[in-house]
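For reference, the chains in residue letters:
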Amino acid sequence: MSEKKIIFSGIQPTGTFTLGNYIGAVRNWAKLQEEYNCIYSIVDMHAITVRQDPVKLRQHSLEAYALIMACGIDPEKSVAFIQSHAPTHAMLNWILACSTQFGELSRMTQFKDKAAKHSDDVNAGLFTYPVLMAADILGYNADLVPVGVDQKQHLELARNVAQRFNQKYGEFFTVPDAYIPEVGAKVMSLQEPTKKMSKSDANPNACIFILDDKDTIIRKFRRAVTDSDSEIVFKEGKDGINNLITIYSAVTGKSFEETEKEFAGKGYGDFKTAVGEAVSDHLAPVREKFAQLMSDKAYLKDCYTKGAEKAMRISGKVVSKAYRKVGFVDSH
Ligand code: TYM
């Protein structure tokens with residue numbers, strides 16, 4: 001690879017992406033392709049840390065791959081692949097697990113949340129999930145990791161693991177930095193705007209899926225929970241309106257001030273409809289491109305197969321060197 005900095009990021013194939021996934025992460029992945037060497041993965045191995053229906057997981061992984069392409073990832077420019085197709089991730093996972101402490105994994109808030117939510121299946125994979133995430137990132141010596149705010153703690157752990165390995169075995173891994181967008185790093189639920197928008201929300205009106213049709217998107221925005229005030233301004237305590245302003249600004253490119261001016265004197269109802277329309281218009285090309293890609297499975301397969309070859313070529317070298325560093329005997 002050239003002098004350009006390296007970017008790695010991943011997304012779980014657990015159903016259609018939410019507007020949070022899109023604004024917080026995936027659309028930024030597309031923007032970064034010109035300036036960086038980008039590597040993007042559909043992380044199916046992470047997905048099985050909670051119970052999945054195998055038929056659905058396979059389908060969701062293909063859809064997620066098509067979706068990142070529909071959101072602008074160009075498999076000619078970037079490396080785009082499915083995680084389980086590159087066994088280097090699992091190989092490095094073990095090496096890094098031996099440089100990760102039980103205590104630090106126990107402090108991960110996502111583990112605590114998921115363990116509480118899936119209390120009948122608190123498996124070891126769920127616990128060591130952040131180690132595999134570190135392997136994803138360090139296996140490409142990524143400099144930057146574009147993620148939403150909720151992944152910050154995992155990224156901090158990846159940095160600690162890299163530093164610990166480097167201390168034990170000598171400088172080797174690049175210590176990655178998080179790359180968190182200024183606007184939209186945490187898109188909130190439309191029904192409980194103090195909580196992040198999440199696909200697992202039981203209330204279907206809380207979350208916009210990027211393949212939702214126009215009517216559905218507008219309906220969900222019109223039902224968004226706001227406050228009893230009537231001014232469209234970004235201000236502490238107005239979580240619902242702040243979230244809508246953030247979303248509007250993220251999809252139109254207008255600043256918060258411009259948005260406030262545009263809607264000065266208008267009511268919440270008008271504003272909600274405008275946000276819904278702007279989001280739907282913005283996502284219309286994604287919906288179209290997705291349908292087109294899903295109708296050509298052979299092309300998709302060609303893309304993800306080549307993507308995995310490229311991913312293996314890069315991470316294979318890193319893993320071989322890491323094996324040597326820790327003292328494993330060369331196999332050839
Ligand atoms: P995942 O699949 O939960 O989410 C994918 C990306 O979407 C971001 N995101 C959000 N951003 C803003 N507002 C929201 N409401 C919102 N919800 C989700 C996430 O921050 C993430 O960037 N562990 C990761 C996947 C992963 C990964 C990696 C990421 C595995 N290996 C290596 C980076 C590097 C996850 O579960 O993301």
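A quick note: this is a predicted structure, and the numbers were derived from the prediction, not measured. (Residues numbered from 1 in each chain as written. Predicted model: local features only at pLDDT ≥ 70, side-chain atom pairs only at ≥ 80, totals over all residues. Heavy atoms only, no water.)

Caption draft 1: Here's a closer look at the overall build of the protein. Regarding its fold elements, the protein presents 13 helices and five strands. A compact globule built from 332 residues would reach a C-alpha radius of gyration of about 20 Å, and the protein, at 21 Å, matches this within 12%. Seen through its principal axes, the protein has C-alpha atoms that stretch 70 × 45 × 40 Å. Residue burial in the protein is summarised as follows: out of 332 residues, 51% are buried. The contacts of the protein with a sequence gap of at least 6 include a subset with a gap of at least 24, amounting to 75%. Positive and negative charge centroids in the protein, built from 42 and 41 side chains respectively, lie 4 Å apart. (Helix = DSSP H or I, 4+ residues; strand = E, 2+ residues; numbered from the N terminus. Rg over C-alpha atoms; globule rule 2.2 N^0.38 Å. Buried < 20%, exposed > 50% of the residue type's maximum accessible area, 1.4 Å probe, protein only. Contact = heavy atoms within 4.5 Å. Lys, Arg positive; Asp, Glu negative; His and termini not counted. Charge placed at Lys NZ, Arg CZ, Asp CG, Glu CD.)

Caption draft 2: Structural view of the site of the ligand. Close to the ligand lie 25 residues; Tyr129, Asp136, Gly148, Asp150 and Val187 are nearest. At 2.9 Å, a side-chain N or O of Gln12 approaches an oxygen atom of the ligand. Contacts to the ligand include Gly20, whose backbone N or O atom sits 3.2 Å from a nitrogen atom. Protein burial of the ligand: of its 720 Å² of free accessible surface, 96% is covered by the chains. In the shell around the ligand, the residues fall into twelve nonpolar, ten polar and three charged. (Near = heavy atom within 4 Å. Polar contact = N/O pair within 3.5 Å; in protein donor to acceptor, adjacent residues only side chain to side chain. Areas by Shrake-Rupley, 256 points an atom, 1.4 Å probe, with all protein chains shown as cover. Nonpolar A, V, L, I, M, F, W, Y, C, P; charged D, E, K, R; others polar.)

Caption draft 3: Structural context of the side chain of Ser198. When you line up the elements, Ser198 lands in the loop between β5 (177–179) and α9 (214–222). One polar contact links Ser198 to Ser200, side chain to side chain, over a distance of 2.9 Å. In this view, Ser198 contacts Thr18 and Cys207; residues no more than four positions away in its chain are not counted.

Caption draft 4: Seen up close, the packing of aromatic side chains. By the definition in use, this model includes 15 aromatic pairs. Taken together, a centroid distance of 4.7 Å and an interplanar angle of 45° make the contact between Phe165 and Tyr169 tilted. A residue pair is termed a helical-turn pair when its members lie 3 or 4 positions apart in one helix, as Phe165 and Tyr169 do in helix α8 (residues 152–169) at four residues. What makes Tyr169 partly exposed here is its relative accessible area of 30%. An aromatic cluster of three or more residues is present, and its members are Phe165, Tyr169, Phe172 and Phe173. (Phe/Tyr/Trp six-rings, centres within 6.5 Å; stacked < 30°, edge-to-face > 60°.)

Caption draft 5: Region of interest: the pairing of strand β3 (residues 79–82). Burial along β3 is two-sided: Val79 and Phe81 facing one way and Ala80 and Ile82 facing the other are all buried. As defined by bridge partners, strand β2 (residues 37–42) adjoins β3 across four bridges and the pair is classed as parallel. The partner of Tyr40 across the bridge, within β3, is Ala80. (Pairing = 2+ DSSP bridges.)

Caption draft 6: Summary view of the environment of Lys325. On the secondary structure map, Lys325 appears in helix α13 (residues 297–326). For Lys325, a relative accessible area of 33% translates into the label partly exposed. Sequence separation of Lys325 and Gly170 is 155 residues, and the distance between their C-alpha atoms is 8.2 Å. Residues in contact with Lys325, not counting those within four places in the same chain, are Phe165, Tyr169, Gly170, Glu171 and Phe172.

Caption draft 7: Here's a closer look at the pattern of salt bridges. Under the defined criterion, the tally for this structure stands at 16 salt bridges. Between Lys195 and Asp201 there is a salt bridge, with its nearest N and O atoms 3.7 Å apart. Classification of Lys195 by relative accessible area gives partly exposed; the value is 36%. One salt bridge connects Glu262 with Lys254, and the closest N-O pair in it is separated by 2.9 Å. For Lys254, a relative accessible area of 28% corresponds to the partly exposed category. (Salt bridge = Lys/Arg side-chain N within 4 Å of Asp/Glu carboxyl O.)

Caption draft 8: Main features of helix α7 (residues 124–138). Between its terminal C-alpha atoms α7 stretches 21 Å, which fits the 21 Å expected from 15 residues at 1.5 Å a residue. The largest bend in α7 comes to about 40°, at Pro130. Summarising burial for α7: twelve of the 15 residues are buried, a large majority. Among the residues of α7, those classed as buried are Leu126, Phe127, Tyr129, Pro130, Val131, Leu132, Met133, Ala134, Ala135, Asp136, Ile137 and Leu138. Capping of α7 at its N-terminal end is provided by Asn123; its side-chain oxygen lies 3.0 Å from the backbone amide nitrogen of Gly125. (Expected span 1.5 Å × (residues − 1). Bend = angle between axes of the 7 residues up to and from the residue.)

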